[in-house]
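Structural overview
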Amino acid sequence: MLGRSVVLLDAARTPFGRARPDGLYAHSRADDLAVVVVRELLRRNPDLPPHLVGEVALAATSQVGDQGLTLGRTVALLAGLPQQVPGYAIDRMCAGAMTATTQVAAQIAVGAVDVAIAGGVEHMGHHPLGADADPNPRFVAEKLVDPDALVMGATAENLHDRFPTLTKERADAYGVASQARYEAARRAGRIDADLVPVAIRDPERGWGLATADEPPRPGTTLADVADLPTPFRPGGRVTAATSSPLTDGATACVLAAEDVAAQLGLEPRMRMVSFAYAGVDPAVMGIGPVPATHRALHLAGLEIDDIGAIEINEAFAVQVLALLEELGIPDDAPHVNPDGGAIAMGHPLAASGVRLMVQLARRFEADPSVRWGMTTMCVGLGQGGTVIWENPHHPDYTPVTPEAAL
C-alpha cells in the first residue's frame, strides 16, 4: 500500500436483528444504531482524542429516511464528536462499509487525515432493498444487463447454472455448517465480545436491551433444509438455508496512521496491506470476490496460500463456494469463516464489510501464528471487494514507529 501505513485500531458492531415487524429493531432508528457503535468505540479508546478524528464515513444502501441525510456527518454529531469533524455517506451496496473503510484508509495513507471512523448501517425492516429504487429501464430495454441482475437470489441461481459442480447438496451442507460454527463460537464466547448492547423500545413491552444476534437457527440439520422452498426459481437450488436473512444492524471501526497510533500509545489490531474492487457480469454477481481477490493478492505481493485466515460474506452459500473452488480451497476449510457467517448471523447489507473485519481481528489476536488474512465479499450489480490484512501479533510483524516514519 502506497503512502503511510494504515492500521485498524478497533471495531465493533451491534447485535443483528431480523428485518421484520417484530424484529429487534422494528422501533429503532437506523442512525441511532450507528451512533451506539461509534460512541462505544470512543468510550473504550479513551486515549484517542476525539478531535483527532479527521473523517467519518458511514455507508447505507438505501440512503433515505432514518439512514439518509449525509449519514457520516449526522452520526458524528449525534455521537458527540467535535463539530469540526466532517463526515459523509457512501454506497456500494453490500460493500458499503468495506468501501468506507478503504476510502478513509486512502485518505490516511496520503496524509489527508491521521485518524478516521468508518462503518455502515442498514435497517432493512424500514428500507427493504430496492424499495425506493427506480432502475433505469435502459438496463433491460437495451440489454445492458440481464433482468436477473436486479434480483440477488436470481443471480445466486445463475451461479449454480454456470458452475454445475456447485450443487444444491454442497450449498445445503455449507449453510448448515455456518449455523453450527456460529453456535460453537457463541458458546465459546467469541461472538458476544464484539457486540455493543443496544437499548430497544417496544410500544407494548416497553424498553429492553439487545445483547445477542437474532437470526441464527442453532441445531439446523441437513434433513431440516433438504425440502425448503426455492423462492427465486421453481425447482431451484437457493433456499432460506443457503441465503443470508434480511437483517438490521450497524458496524464501525477506527483506523489511523500507524505512526500516529504509536505516538498515542494505541495498539493496532490489524494493518491494511492492500485492497481491490472488481466488476463482473451482474447476472452472476456472486463471482465478484474472485477477480477482486486476485487483484488484492497481486497488489500485496502474496499468494492465496499465504492467507491463513479468510472472512467471506455469506450472501449465499453458492457465492462462497464459487470463490473457494476457484482458489482451490475445500468447502470445509478450517481457516474460512470458522465462527460462522452471514447465513447464520445475518447480512445488514452496507454494514457487513466491517463485521468481517471485527471477526478477523478477533482471530488474529487468538492465533499469532497467522500472519496474513483477508476480508472479501460480493456486491450487488456485479462487483466484488477484497482487503488484505497483516496480523500485528505475528512474530515477523514489523511495526512502524514515529521515528521510522520520519
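Residues numbered from 1 in each chain as written. Predicted model: local features only at pLDDT ≥ 70, side-chain atom pairs only at ≥ 80, totals over all residues. Heavy atoms only, no water.

The next point concerns the overall build of the chain. For the chain, the count of helices and strands is 13 helices and twelve strands. A globule of 406 residues ought to have a C-alpha radius of gyration of about 22 Å, and the chain, at 20 Å, matches this closely. Each principal axis of the C-alpha distribution contributes one length, and for the chain these read about 60 × 55 × 50 Å. Classification of the 406 residues of the chain by burial places 58% in the buried group. The long-range fraction of contacts in the chain, counting pairs at least 24 apart against all pairs at least 6 apart in sequence, stands at 79%. One way to put it: in the chain the 31 positive side-chain charges average out to a point 2 Å from where the 49 negative ones average out. (Helix = DSSP H or I, 4+ residues; strand = E, 2+ residues; numbered from the N terminus. Rg over C-alpha atoms; globule rule 2.2 N^0.38 Å. Buried < 20%, exposed > 50% of the residue type's maximum accessible area, 1.4 Å probe, protein only. Contact = heavy atoms within 4.5 Å. Lys, Arg positive; Asp, Glu negative; His and termini not counted. Charge placed at Lys NZ, Arg CZ, Asp CG, Glu CD.)

Here we take up the side chain of aspartate 248. Tracing the chain through its elements places aspartate 248 in strand β8 (residues 247-257). Despite its burial, aspartate 248 pairs with no opposite charge, the nearest such side chain being arginine 20 at 8.9 Å. There is a polar contact of 2.7 Å between the side chain of aspartate 248 and the backbone nitrogen of methionine 124. Residues in contact with aspartate 248, not counting those within four places in the same chain, are Pro15, Phe16, Gly17, Arg18, Ala19, Tyr25, Glu122, His123, Met124, Gly125 and Pro348. (Salt bridge = Lys/Arg side-chain N within 4 Å of Asp/Glu carboxyl O. Polar contact = N/O pair within 3.5 Å; in protein donor to acceptor, adjacent residues only side chain to side chain.)

A full pass over the atoms with the stated rule returns 26 salt bridges. One salt bridge connects arginine 362 with aspartate 194, and the closest N-O pair in it is separated by 2.6 Å. Of this pair, arginine 362 sits in helix α12 (residues 352-366) while aspartate 194 is found in the loop between α6 (168-187) and β6 (198-202), placing the two residues 168 residues apart along the sequence. By relative accessible area, which is 25% here, arginine 362 ends up partly exposed. When salt bridges that share partners are traced, they join Asp10, Arg44, Asp194, Arg269, Arg362 and Glu365 into one network.

Relative to each other, helix α3 (residues 96-109) and α12 sit at 70°, their axes nearing to 5 Å. Relative to α12, α3 is oriented roughly perpendicular. Every residue of α12 that contacts α3 at Ala97, Met98 and Thr101 is listed here: Gly353, Val354 and Met357. (Axes fitted to C-alpha atoms, helices over the stretch in contact; angles between N-to-C directions. Parallel < 35°, antiparallel > 145°, perpendicular 65-115°, else oblique.)

Attention now goes to the UniProt feature "domain: Thiolase N-terminal" (unreviewed entry) in the chain. Following the UniProt record, the feature "domain: Thiolase N-terminal" (unreviewed entry) maps to residues 6-259 here. Here residues 6-259 is 30% helix and 20% strand, with 9 Å between the C-alpha atoms at its ends. (UniProt positions renumbered as here; feature names shortened; annotations may be inferred.)

Further remarks concern the UniProt feature "active site" (unreviewed entry) in the chain. Following the UniProt record, one finds the feature "active site" (unreviewed entry) at Cys94, His347 and Cys378. What stands out for the annotated residues spanning 285 residues is how close their C-alpha atoms remain, the widest pair being 11.9 Å apart. Taking the annotated residues in turn, Cys94, His347 and Cys378 line the largest pocket. Its place among the elements puts cysteine 94 in the loop between β4 (87-90) and α3. Sequence-distant contacts of cysteine 94, that is, excluding residues within four places in its chain, are made with Thr61, His347, Leu349, Ala350, Gly353, Met377, Cys378, Val379 and Gly380. Here cysteine 378 shows up in strand β11 (residues 372-379). For cysteine 378, a relative accessible area of 0% gives the class buried. Once you skip the residues sitting within four places of it in the chain, cysteine 378 turns out to touch Cys94, Met285, Gly286, Pro289, Ala315, Gln319, Gln383 and Gly384. (1 Å grid on protein atoms, 1.4 Å probe; cavity = no way out; pocket = protein on both sides within 12 Å on 5 of 7 lines; lining within 4 Å.)

This part takes up the layout of surface pockets. Counted as a void, the largest pocket has a volume near 710 Å³. Residue assignment for the lining of the largest pocket shows that the elements contributing at least two residues are α5 (152-162), α6 and α7 (222-225). If you tally residues by element for the lining of the largest pocket, the top one is α6, at three residues. Tallied by class, the residues present in the lining of the largest pocket amount to 24 nonpolar, eight polar and four charged. By volume, the second largest pocket is sized at about 410 Å³. Along the wall of the second largest pocket there are 18 residues; nearest its centre are Thr61, Met93, Leu129, Gly130 and Ala133. Counted by class, the lining of the second largest pocket contains twelve nonpolar, four polar and two charged residues. (Points joined across faces, edges and corners; volume = space filled by probe spheres on them. Nonpolar A, V, L, I, M, F, W, Y, C, P; charged D, E, K, R; others polar.)

Further remarks concern the pairing of β6. Burial along β6 is one-sided: Val198, Ile200 and Asp202 are buried, while Ala199 and Arg201, pointing the other way, are not. Of the pairings in the sheet, the one linking β6 to strand β7 (residues 206-210) comprises five bridges and is antiparallel in character. Pairing of alanine 199 across the sheet is with leucine 209, part of β7. Between β6 and β7, which pair antiparallel and follow one another directly, the connecting turn spans three residues. (Pairing = 2+ DSSP bridges.)

Where burial is concerned, most of α5 is hidden: nine out of the eleven residues are buried. Where α5 is buried, its residues meet α6 and α10 (317-327).

What follows concerns α6. Given a rise of 1.5 Å per residue, 20 residues ought to cover 28 Å, and the 29 Å separating the end C-alpha atoms of α6 matches this to within 8%. Buried within α6 are the following residues: Lys168, Ala171, Asp172, Tyr174, Gly175, Val176, Ser178, Gln179, Arg181, Tyr182, Glu183 and Ala185. Positioned one or two residues after α6, glycine 189 has a phi angle of 85°, which is positive. (Expected span 1.5 Å × (residues − 1).)

Moving on, we get to the packing of aromatic side chains. Tallied over the full model, the rule gives two aromatic pairs. Judged by centre distance (6.4 Å) and plane angle (85°), the ring pair of phenylalanine 232 and phenylalanine 316 falls under edge-to-face. Within this pair, whereas phenylalanine 232 is found in the loop between α7 and β8, its partner phenylalanine 316 is found in the loop between β10 (307-312) and α10, the two being separated by 84 residues in sequence. Note on phenylalanine 232: relative accessible area 36%, which makes it partly exposed. Look at phenylalanine 316 and you get buried, because its relative accessible area is 9%. One cation-aromatic arrangement involves arginine 13 over phenylalanine 16; the distance from NZ or CZ to the ring centre is 4.3 Å. Over the face of the ring belonging to tyrosine 277 we find arginine 92, whose NZ or CZ atom lies 3.8 Å from the ring centre. (Phe/Tyr/Trp six-rings, centres within 6.5 Å; stacked < 30°, edge-to-face > 60°. Lys NZ or Arg CZ within 6 Å of the ring centre and 35° of its normal.)

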